[in-house]
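# Structural description and commentary
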Amino acid sequence: MSRVAIVTDSASDLTPEQATAWGVTVVPLIVSFGDESFRAGTDLPIDEFYRRLLAPGAPFPTTAACSPGAFQQAFQSLLDAGADAVVCITVGGKLSGTNTAARIARDAMKDSPVHVIDSETATASLLLLAQVAAEASAAGASAEEIVALVKLRMADARIYFVVDTLEYLRRGGRISAAQAAIGSVLSVKPVITIADGVVETVDKPRTMGKARARLLELLTAEPVERIAVIHTQAPDVQGFTADLARAAIVPIEKVSVNLVGSSVAPHIGPGAFGAALLVARS
């Protein structure tokens, strides 16, 4: 039976426990507060990241892609440890330079059996794709079979979330200053998605209650195979999770809840919540 190692990056928001349980290697992006830079999820614990994010007067956090060297080291270590091949699934290439870095690392290793996939998404959508790949690897699938499966399931991935403020999307360059200003004046609580690798606004409810209702509607519009809730220290995330599980007819114990880490949270800000899912295939 072949052994295919699965790699992703920290924009997947896998917890250390999930990464260990699934056998997935996570390569960290870089997060910076002013002149201080950290490897996301490695040098900067998530509690400390949120403390800094919410601290009055603190520098606005910025993120940078993983380096090719970090990917190459991860790929080579896995191959040296006995993996027959590596399948690496990264955050969307239109959202980060991380996919480019992974491809540079792969190309530098010449004939090594390393495969790199641009997920065209981020956070829990990427997490679910990594989970599918890990399950296929555990079942003995080849690298080529895993690549084909992940690309197939990318079409089934959905992600929707509500942001509490547009300021972080503006600062991160995801929306214009004019869009942010209009949204603030209108007290909009936008419902956001990632489609074809690009951040898009799905709807612009005027209250958080209406945004939550719209979110549940979008997330349960199709039959659900698996769900992962995401949040950035949003209030009542447990209540939202229960409502989502009930509406999607999924046992609540099968709905994972992931705190968005320092690779993605700087772009959406505190108080955001939502979920990613894979649509069930008939």
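Throughout, a residue's number is its position along its own chain's written sequence, starting from 1. A pLDDT threshold of at least 70 governs which residues receive local features in this predicted model, and a stricter bar of 80 or more applies before side-chain atom pairs are shown or counted, although totals over entire chains, interfaces and linings include all residues. Note that the side-chain values use all heavy atoms of the structure and ignore hydrogens as well as water.

## Quick word on the overall build of the protein
Inclusion rule: Note on conventions: DSSP H or I runs of at least 4 residues are helices, E runs of at least 2 residues are strands, and numbering of each starts at the N terminus. Here the radius of gyration uses the C-alpha set of atoms, whereas the globule reference equals 2.2 Å times the residue count to the power 0.38. With a 1.4 Å probe rolled over the protein chains alone, any residue whose accessible area is under 20% of its type maximum counts as buried; one over 50% counts as exposed, and the rest are partly exposed. Only heavy atoms enter the contact rule, under which two residues are in contact if any of them lie within 4.5 Å. For the area figures, the Shrake-Rupley method with a 1.4 Å probe applies, and any residue is considered shielded solely by the protein chains shown.
What the protein contains, in helices and strands, is eleven helices and 13 strands. Since a compact globule built from 282 residues should have a radius of gyration of about 19 Å, the 18 Å found for the protein is in line with a globular shape. Here the protein holds 282 residues, and the buried ones make up 51% of them. For the protein, the proportion of contacts with a sequence separation of at least 24, taken over those separated by at least 6, is 74%. When the accessible surface of the protein is totalled, it reaches about 12500 Å², and 52% of it is carbon and sulfur.

## Some points on helix α9 (residues 208–219)
Note the following rule: By definition here, a helix of n residues has an expected span of 1.5 Å times n minus one.
The terminal C-alpha atoms of α9 lie 16 Å apart, and with twelve residues this matches the ideal 16 Å at 1.5 Å per residue to within 8%. Looking at the buried positions of α9, the neighbouring elements they touch are β8 (157–162), β9 (191–195), β10 (198–203), β11 (224–231), α10 (237–248) and β13 (273–279).

## Regarding the packing of aromatic side chains
Stated formally: The pairing test for Phe, Tyr and Trp rings, Trp by its six-membered ring, is centres within 6.5 Å, and the orientation test on the planes gives stacked under 30 degrees, edge-to-face over 60, and tilted for anything in between. Note on geometry: a ring has a charge over it if NZ (lysine) or CZ (arginine) is within 6 Å of the ring centre and within 35 degrees of the ring normal.
One pass over the full model with this rule turns up four aromatic pairs. With a centroid separation of 5.8 Å and 35 degrees between ring planes, the pair formed by F71 and F75 is classed as tilted. In this pair, F71 and F75 are both assigned in helix α3 (residues 68–80), four residues apart and thus about one turn of the helix distant. With respect to burial, F71 and F75 carry one shared label: buried. Between F240 and F273 the ring centres are 5.1 Å apart and the planes differ by 70 degrees, which places this aromatic pair in the edge-to-face class. Pair noted here: F240 is in helix α10 and F273 is in strand β13, with a separation of 33 residues, a long-range link. Relative accessible area serves as the criterion here: at 1%, F240 is assigned to the buried category. The positively charged end of R52 is found above the aromatic ring belonging to F33, 5.6 Å away from the centroid.

## Regarding the pairing of β8
Operational definition: Pairing between strands is defined by DSSP: at least two bridges between the two strands are required.
In terms of burial, β8 is a largely internal element, five of the six residues being buried. Taken together, the six bridges between β8 and β13 define a ladder with antiparallel strand orientation. Paired with V162 across the two strands is F273, which belongs to β13.

## As for the pattern of salt bridges
The criterion, for reference: The term salt bridge refers to a side-chain nitrogen of Lys or Arg lying within 4 Å of a carboxyl oxygen of Asp or Glu.
One pass over the full model with this rule turns up 17 salt bridges. One salt bridge connects E222 with R158, and the closest N-O pair in it is separated by 2.9 Å. Highlighted residues: E222 in the loop between α9 and β11 and R158 in strand β8, separated in sequence by 64 residues. With a relative accessible area of 21%, R158 lands in the partly exposed category. Where R212 meets D243, a salt bridge forms, and the shortest distance between an N and an O atom there is 2.7 Å.

## Things to note about the packing of α9 against α10
Cut-off, in case you're wondering: Here an axis means a line fitted to C-alpha atoms, over the contact stretch when the element is a helix, while the angle between two N-to-C directions is reported on a 0 to 180 degree scale. Take the far helix as the reference: if the near one is turned anticlockwise from it by less than a right angle, the crossing is left-handed, and if turned clockwise, right-handed.
Where α9 meets α10, the axes come as close as 10 Å, and the angle between the chain directions of the two elements is 40 degrees. Note on packing geometry: the crossing formed by α9 with α10 is right-handed. Across the interface between the two elements, R212, L215, L216 and L219 from α9 touch G239, F240, D243 and L244 from α10.

## A short note on the sheet that holds strand β2 (residues 24–27)
Read across the open sheet, the four strands follow the order β2-β1-β6-β7; overall the sheet is parallel. Both outer strands of the open sheet, β2 and β7 (114–118), are each paired with one neighbouring strand and no more. For this sheet, the mean inter-axis angle between neighbouring strands, taken without regard to orientation, is 25 degrees. Pairing between strand β1 (residues 4–9) and strand β6 (residues 85–90): five bridges, direction parallel. The residue bridging I6 from the neighbouring strand is V87, located in β6. Of the strands in this sheet, β1, β2, β6 and β7 touch α3, which is tilted by about 145 degrees from β6. Set on the sheet, helix α5 (residues 123–138) makes contact with β1, β2 and β6; between it and β1 the angle comes to about 170 degrees.

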